[in-house]
Amino acid sequence: MKEKIDAAFVLRWVKRLFIYCAGLYMMALGVVFSAKSSLGVSPVGSLANVLYQIGLAQNAPSYVNLGNCTIAVYCLYILTEFLILRKDFKPEMLLQLVASIVFGWLVNLATAMMSFLPSPGNYAVQMLYLLCSIPLVAIGVMLYLSPQILPTPGEGMSLAISKKTGLTVGSSKMVFDCSLVVISCVTSLIYFHGLVGVREGTVICALLVGFVMRQLMKVFEKPLMRFVERDTKLRQAMGDEEFYFDETGKPKLLISIGWEFGSGGYELAKKLADYLGVRFYGNDELIPLEAEESGLPESFIQKHEHNMAHAVVYDFMTAGYAVNMELSPLEQLFAAQTRVIRRIAQKPESCVLVGRCSDYILYNDPNSFRIFIHAPTDYRVRKISESMGISEKQAAADLATTDASRSRHYEHFTGHPWGDTKYYNLAVDTKAFGDEKSLELIEDAIRCWCQHREIDYEEALAAKETA
């Protein structure tokens, strides 16, 4: 048995080291392409590139190459980390030196392998080289960060700034990158009296690498994490699913309700909780819990708890979080919501929960009964118009915008289509039945569901949390 365990352990680390080194090499290829474009490299490599260009201008010895300049600058980053952290600088952080040397060697290897590429003769070819570098760097970052082995000093600096200032890692990365670009520009201006080694390509890389990486992660993150035998950052933040489910065997009901905007789902959920005599978890009850769990302001949660901007806008705005393998605020919120809902599910009480992808979060909980409330569009438009005192034209526009936003949010975090009835136990058309009959229909459905599962319906409804 011990031999099998040891073999599995070795295989797991072989796979992780392979992905880690493959990622560093892809990044090195990207650096070589962007350096060859003469339009600048990504911010973290800009200072090394400027020093390399100065070496070329001085006819420096061959060992003053891009890879060795990268190693030297990365060593400078490690020294700066030490000066920032002082007593908080851990000895194991010196292992970043290993990552620096390996990456520098790989840059030199990539330079030798790409030596057949001609120097760009015009701006179009320069831009082509630069655009080739962006997906290479994005793939490299995605690969090398996934095994969580050793950060390069670039990431180490961001973490050091974050720890010292209290800024998020994403914000610290922005501060660090901007500082590097300024230092690189000043260095270039002093020596060349112009911008060499840091130009528009640096800005383009900064804007696009994270965005491209997010698109790649949509396809490759889960299989990649399975290969290296790790959970995604979001899955880690959500916590252990099995830990939260109540396994006491006592009957109870966890009724989760999703709804289309204007269908009256939220109001119906409150009435259902009163009708059944169970606890209701809506915005007033959940938002304070989510704010405490996530550390995010209640105003942010109120605005974003089930809304998401267009996918392209969202990916572009959160690109910096992707590069640092850090959760975006919406991902932090969803992880916190998941933990809150699972803790509620662990309580010995029946309740009604609304929205927040609770049907997905509790899908495998044996006490979960999932409902989706919907209605025809014209009926919802009329209800929105009457309740909000706006024109039907404005109501129709608000409905389309809100439903689209909810759909994007749900599909982003669950991977399932929003409102797909195969993921629910019951779908109710409020126009067809009205509120009173809808409540009776839902109660009858829950009663039948309990009977089919051999659960005592009255005992389940009577489940309460004791002090």
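Anything mentioned here points back to the structure above.
Everything in this summary refers to the structure shown in the same document. Within every chain, residues take consecutive numbers counted from 1 along the sequence as written. Where totals are concerned, whole chains, interfaces and linings use all residues; where local detail is concerned, this predicted model gives features only for residues with pLDDT of at least 70, and gives and counts side-chain atom pairs only at 80 or more. Side-chain numbers here rest on the full set of heavy atoms in the structure, without hydrogens or water.

What counts as a helix is a DSSP run of H or I of at least four residues, what counts as a strand is a run of E of at least two, and both are numbered from the N terminus. Looking only at helices and strands, the protein chain has 21 helices and five strands in total. Split into buried and exposed, the 467 residues of the protein chain put 51% on the buried side. In the protein chain, of all internal contacts separated by at least 6 residues, the share reaching a separation of at least 24 is 77%. The accessible surface values rely on the Shrake-Rupley method and a 1.4 Å probe; as for residues, cover is taken only from the protein chains in view. Per element, the accessible surface of the protein chain, about 22,500 Å² overall, is 62% carbon and sulfur. Summary of the burial criterion: residues with accessible area below 20% of their type's maximum are buried, those above 50% are exposed, and those between are partly exposed, where the area comes from a 1.4 Å probe applied to protein chains only. Contacts are assigned to residue pairs with any non-hydrogen atoms lying within 4.5 Å of each other.

Pairing between strands is defined by DSSP: at least two bridges between them are needed. Spatial strand order, 2-3-1-4-5: five strands in an open sheet with parallel pairing. Lying at the two open borders of the sheet, with one neighbouring strand each, are strand 2 (279-281) and strand 5 (426-429). Geometrically, the sheet is characterised by an average inter-axis angle of 20° between neighbouring strands, direction not taken into account. With three bridges connecting them, strand 2 and strand 3 (residues 351-354) associate as parallel partners. Opposite Y281, over in strand 3, you have L353 as the bridge partner. The strands that helix 11 (residues 265-276) touches are strand 1 (254-259), strand 2, strand 3 and strand 4 (368-374); relative to strand 1, the one it contacts most, it runs at about 160°. Under this scheme, a helix contributes an axis fitted over its contacting stretch, all axes are lines through C-alpha atoms, and angles between N-to-C directions fall in the 0 to 180 degree range.

Here we take up unusual backbone geometry. For Q148, which is not a glycine, the phi torsion comes out positive at approximately 55°. Take Q148: its relative accessible area is 32%, and that puts it in the partly exposed class. The phi torsion at C357 lies on the positive side, around 55°, for a residue other than glycine. Relative to the elements of secondary structure, C357 occurs in the loop between strand 3 and helix 17 (358-361).

Once that is clear, we can look at the pairing of strand 1. By the criterion of burial, strand 1 is predominantly enclosed, with six of the six residues buried. Of the strand pairs in this sheet, strand 1 and strand 3 are connected by four bridges, and their pairing is parallel. Note on strand 3: the bridge partner recorded for L254 is C351. Across six bridges, the pairing between strand 1 and strand 4 is parallel. Paired with I257 across the strands is I371, a residue of strand 4.

The next point concerns the side chain of Q126. In this structure, Q126 sits in helix 5 (residues 123-145). Residue classification places Q126 among the buried residues on the basis of a relative accessible area of 14%. Residue contacts for Q126: discarding those within four places in its chain leaves S37, S38, L39, P120 and R199.

Attention now moves to the packing of aromatic side chains. Any Phe, Tyr or Trp ring, taking Trp's six-membered ring, that has another such ring centre within 6.5 Å forms a pair; planes under 30 degrees apart are called stacked, those over 60 apart edge-to-face, and the others tilted. Overall, the coordinates contain 13 aromatic pairs when judged by the stated rule. An angle of 70° between the planes, with centres 5.4 Å apart, marks the rings of F369 and W449 as edge-to-face. Here the residue F369 occupies a position in strand 4, and W449 occupies one in helix 20 (residues 430-452), the gap between them amounting to 80 residues. The same class applies to F369 and to W449, which are both buried. Taken together, Y74, Y77, F103 and F176 form an aromatic cluster joined through their ring pairs. The rule is short: NZ of Lys or CZ of Arg within 6 Å of the ring centre and within 35 degrees of the ring normal puts a charge over the ring. Over the aromatic face of F227 sits the side chain of K15, whose NZ or CZ is 5.2 Å from the ring centroid.

On to helix 20. It helps to recall that an α-helix has 3.6 residues per turn; residues three or four apart then point in one direction. Multiplying one less than the number of residues by 1.5 Å gives the expected span of a helix. Over its 23 residues, helix 20 extends only 25 Å from the first C-alpha to the last, a length that falls short of the 33 Å expected when each residue adds 1.5 Å. E436 marks where helix 20 bends most, by close to 85°. All of the buried residues in helix 20 are T430, S438, L439, I442, E443, I446, W449 and C450. The elements touched by buried residues of helix 20 are strand 1, helix 11, strand 4, helix 18 (377-388), strand 5 and helix 21 (457-461). E454, located one to two residues past helix 20, shows a positive phi value of around 60°. Take the seven residues that end at a residue and the seven that start at it, fit an axis to each, and the angle between those axes is the bend at that residue.

Here helix 7 (residues 169-192) spans 34 Å end to end across 24 residues, near enough to the 34 Å set by a 1.5 Å rise per residue. Inspection of helix 7 places V169, G170, S172, K173, F176, D177, L180, S184, C185 and S188 among the buried residues, and these make up the whole buried set. Two residues or fewer past helix 7, H193 is found with a positive phi of approximately 60°.

It is worth spelling out the packing of helix 12 (residues 283-294) against helix 16 (residues 329-346) at this point. Running from N to C, helix 12 and helix 16 point in directions that differ by 120°, and their axes come no closer than 9 Å. Where helix 12 crosses over helix 16, the handedness of that crossing is right-handed. Contacts from L286, L289, E290, E293 and S294 of helix 12 reach helix 16 at Q332, L333, A336, Q337, R339, V340, R343 and I344. With the far helix as reference, a near helix turned anticlockwise by less than a right angle produces a left-handed crossing, and one turned clockwise produces a right-handed crossing.

Moving on, we come to the nonpolar core. For our purposes a nonpolar core is just a set of buried Ala, Val, Leu, Ile, Met, Phe, Trp, Tyr and Cys residues, chained together by side-chain atoms within 4.5 Å. L24, L29, Y77, F103 and F176 are the most contacted members of the largest nonpolar core, which has 55 residues in total. Elements that contribute at least two residues to this core include exactly helix 1 (2-37), helix 2 (43-57), helix 3 (66-85), helix 4 (96-113), helix 5, helix 6 (153-165), helix 7 and helix 8 (200-228). Sequence-distant contacts of F176, defined by excluding residues within four places in its chain, comprise V44, Y77, G154, M157, S158 and I161. Core analysis: the next-biggest nonpolar cluster, separate from the first, contains 28 residues, W259, I446, C450 and Y457 among them.

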